[in-house]
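An overview of the molecular structure
Here is what each chain is made of, one letter per residue.
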Amino acid sequence: MNPTPRAVVIGAGLGGLAAAIRLLDQGYDVTVLERRAGLGGRAYQLVDGGYTFDMGPSLITMPWLLEELYALAGTSSAEQLRLRPLDPFYRIWWMDDPRYFDFTGSDERMKAEIAKFSPADAARYDAFMARSKAIHEEGILVAGRKPFLRLADFLGLVPTMLRLDAIRPLSSFVGRYFSEPHVRQAFDFHSLFIGGDPGRVPAIYTALSYLQVADGVWYADGGVASVVRSLGALVEKGGGRIRTETAVARIETVGGRVSGVRTVGGEHFPADLVVSNADASLTRTRLLGEQERDALPWRFRKPRQTMSCFLLFLGTTRRWEKLHHHTLIVGRDYQGFIRDVTRRRRIPEDISVYLHAPSVTEPAMAAPGGESIYVLLPVPNLSSGDDWAIRGPELRDRVVRFLEEGFGLEGLSSSIAVEHRFTPADFASQLGAADGNAFAIEPSLLQSAYFRQPNRDRTVGGLYYVGAGTHPGGGIPGVLLTAEVTAGLIRSDAQAGRVALPGGRRTAA
Ligand SMILES: Cc1cc2nc3c(=O)[nH]c(=O)nc-3n(C[C@H](O)[C@H](O)[C@H](O)COP(=O)(O)OP(=O)(O)OC[C@H]3O[C@@H](n4cnc5c(N)ncnc54)[C@H](O)[C@@H]3O)c2cc1C
């Protein structure tokens, strides 16, 4: 009898862990190798002085994708997590206007919020949502669940996207329905959460706001790290092995096919297939040999990376009524801010920030009487040439002043008991992100689907990808879908004799 085929997953981000669960289900012998001391990648957790901070994703959407993964491992989210729906999902404030906008899942309340700014725009909400729903159902839910290995697969999608008007830039699409600037901003900022400039990403990303309204925005007690912990435990329960502090230095090949990986410490792990959850562009340029790298057509060699983030983690000794679980604060020059961060590649003159304060919902996330606050400021990636050892402290002071004096978190600076920061330089050094990107390869039209790093490598046999840099892309739902698409591809490749076929399933279906 053939031995159980071995799969090595490089990286224990949400994509890598989800892929490991799916490969165990297919009967592979799975080893996950992670360079950091803990699991989660961008969904890492920081605990200090009684304050707990999620360091990356904070909004859980499309929870049914997690449910599907748990079901595959023979469990359910009710057994693994305490998920709570948030209401409102978030409150949006503007620096140039005293009104706020509560984003919720109720059509009536959404229309009332829009009407605060423009009754005419409120009247167009139903039409906007109907079109966004069609784009979500015919675009994301179809295209996001299958691989795009051939140009023809992409071209096959174009007529649907044209019919749904989903190819034009997102901000232009939103502008066809809403004309009041604050309302437009409330419906086009969502692509920033996966690193997409609303002026450049296709309108297919309007699905990001639709899916929140349709399925809600959720919080898992203990933060997104609870999801990570549960997935890690399920990998081990399913018979998989996870090794932390084990960075992969090289994917080894024989005759154009993977044969294993070698770690920075020199250890060799033989493999019949390798799934890389490491940065998709750097997997090719750093982990493969020159011969395999050069085999790639030039147009796929240097993808454009997304912006990065400057993150501040503040544990405070007091609380503020103005702070919601999720709060967005839009600066006076939103367009200039986006241009600075994406196209001009410079630290923005005018800032817009997102605040996550899970202690508003779950007080145990902070020391008694305080808040655990994470501040996210989009900034250019390392291609801007900024020296973050110098820019970091300056920007920290600017952000704290902005929150205290501009936004109104009175006494913030004197109430900070615990403080940490994470800069583009940390995205590069700790997560191995190309140019210190926060959200992988930019989700522009010409870097999506067929044009993105495909789920199966274009030239090296047995090498697959999961995570935000491959299809369909970033965000928790996006990377869970990458694992589904990649595992499905491995299954059909195994049946077609392209990779080793396992003898049988090992975990419950
Ligand atoms: C600040 C921020 C906020 C976000 N907010 C949200 C949100 O609210 N909701 C949402 O849905 N999404 C959000 N996202 C996006 C979401 O977090 C990501 O798309 C997702 O977590 C990425 O998962 P991944 O599996 O692709 O990769 P990662 O999380 O990056 O994991 C990759 C792993 O591979 C490891 N690795 C890399 N190289 C090697 C190597 N050579 N050897 C071994 N290991 C290696 C890394 O250490 C890392 O652990 C946010 C992202 C950021 C940065």
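The following paragraphs examine the structure supplied in this document. All of these numbers come straight from a predicted model, not from anything done at the bench. (Residues numbered from 1 in each chain as written. Predicted model: local features only at pLDDT ≥ 70, side-chain atom pairs only at ≥ 80, totals over all residues.)

1. Things to note about the pairing of strand 4 (residues 51–54)
What counts is decided by this rule: Note on burial: count the other C-beta atoms lying within 10 Å of the residue's C-beta; 20 or more is buried, 12 or fewer is exposed, in between is partly exposed, and C-beta positions come from the backbone. Working definition: helices are DSSP H or I runs of at least four residues, strands are E runs of at least two. Numbering for both runs from the N terminus. By the convention used here, strands pair only if DSSP detects at least 2 bridges between them.
Across the two faces of strand 4 the burial is the same, with Tyr-51 and Phe-53 and Thr-52 and Asp-54 all buried. Bridge count between strand 3 (residues 45–48) and strand 4: four bridges; the pairing is antiparallel. Bridge assignment links Asp-48 to a residue of strand 4, and that residue is Tyr-51. What sits between strand 3 and strand 4 in their antiparallel hairpin is a turn of two residues, with Gly-49 showing a positive phi close to 55°.

2. Section: unusual backbone geometry
Residue Asp-87 is joined to Pro-88 through a cis peptide bond whose omega torsion reads -5°. Residue position: Pro-88 is located in the loop between strand 5 (83–85) and strand 6 (90–94). The residue after His-471, namely Pro-472, is reached through a cis peptide bond having omega 5°. Mapped onto the secondary structure, Pro-472 falls in the loop between strand 19 (463–465) and helix 17 (476–495). The backbone of Asp-165 shows a phi angle near 65°, a positive value even though the residue is not glycine. Positionally, Asp-165 belongs in the loop between helix 7 (151–163) and helix 8 (170–175). Judged by the 15 C-beta atoms lying within 10 Å of it, Asp-165 falls in the partly exposed class. The phi torsion at Ala-449 lies on the positive side, around 50°, for a residue other than glycine. Summarising the element assignment, Ala-449 is placed in the loop between helix 16 (424–431) and strand 19.

3. Some points on the sheet that holds strand 9 (residues 241–243)
In plain terms, the rule: Every axis corresponds to a line fitted to the C-alpha atoms, with the helix fit spanning only the stretch in contact, and the corresponding angles, defined between N-to-C directions, vary from 0 to 180 degrees. What counts as a contact is two residues whose backbone-derived C-beta atoms lie within 7 Å of each other.
Judged by pairing direction, the sheet is parallel, and its five strands sit side by side in the order 9-2-1-13-19 without closing on themselves. At either end of the open sheet lies a strand with only one pairing partner, and these are strand 9 and strand 19. When strand polarity is set aside, the average angle formed by the axes of neighbouring strands in this sheet is 20°. Judged from the five bridges that link them, strand 1 (residues 6–10) and strand 2 (residues 29–33) form a sheet pairing that is parallel. Each bridged residue has a counterpart across the sheet, and for Ala-7 the counterpart in strand 2 is Val-30. Across the face of the sheet, helix 1 (residues 14–26) comes into contact with strand 1, strand 2 and strand 13 (273–276) while running at roughly 170° to strand 2. Together, strand 13 and strand 19 form the strand contacts of helix 17, whose direction differs from that of strand 19 by roughly 155°.

4. Regarding the site of the ligand
What counts, and what does not: The criterion for a residue being near a molecule or strand is a backbone-placed C-beta atom within 6 Å of that molecule or strand.
Around the ligand there are 37 residues in total, and Gly-11, Gly-13, Gly-15, Gly-41 and Gly-467 lie nearest to it. Secondary structure elements with two or more residues in the shell around the ligand: helix 1, strand 14 (308–316) and helix 17. When residues of the shell around the ligand are assigned to their parent elements, the largest contribution, three residues, is made by helix 1.

5. Describing the sheet that holds strand 12 (residues 268–270)
Spatially, the three strands line up as an open sheet ordered 10-11-12, and their pairing is antiparallel. Only two strands of the sheet have a single partner each, and these edge strands are strand 10 (248–254) and strand 12. Taking the axes of each pair of neighbouring strands and ignoring which way they run, one obtains an average angle of 25° across the sheet.

6. Re the packing of helix 1 against helix 11 (residues 224–237)
This is how the line gets drawn: Comment on the angle field: the value is read as roughly parallel under 35 degrees, roughly antiparallel over 145, roughly perpendicular from 65 to 115, and oblique elsewhere. In this scheme, a crossing is called left-handed if the near helix is turned counterclockwise away from the far one by less than a right angle; it is called right-handed if the turn is clockwise. The classification used treats Ala, Val, Leu, Ile, Met, Phe, Trp, Tyr, Cys and Pro as nonpolar, Asp, Glu, Lys and Arg as charged, and all other residues, Gly among them, as polar.
At a minimum axis distance of 9 Å, the contact between helix 1 and helix 11 shows a crossing angle of 30°. The pairing of helix 1 with helix 11 is recorded here as roughly parallel in orientation. As for how helix 1 packs across helix 11, the hand of that crossing is left-handed. For the pair formed by helix 1 and helix 11, the contact residues are Leu-14, Leu-17, Ala-18, Ala-20, Ile-21 and Leu-24 on the first element and Val-228, Leu-231, Gly-232, Leu-234 and Val-235 on the second. Considering only residue class, the contact of helix 1 with helix 11 consists of 10 nonpolar, one polar and no charged.

7. Considering the pairing of strand 6
Because side chains alternate across strand 6, one face comprises the buried residues Tyr-90, Ile-92 and Trp-94, and the other comprises Arg-91 and Trp-93, none of which is buried. Sheet topology places strand 6 next to strand 7 (residues 97–103); five bridges connect them, and they run antiparallel. Bridging from a neighbouring strand, Arg-91 pairs with Asp-102 of strand 7. Linking strand 6 to strand 7, which pair antiparallel, is a turn of two residues. With four bridges connecting them, strand 6 and strand 15 (residues 326–330) associate as parallel partners. What sits directly across from Ile-92, in strand 15, is Leu-328.

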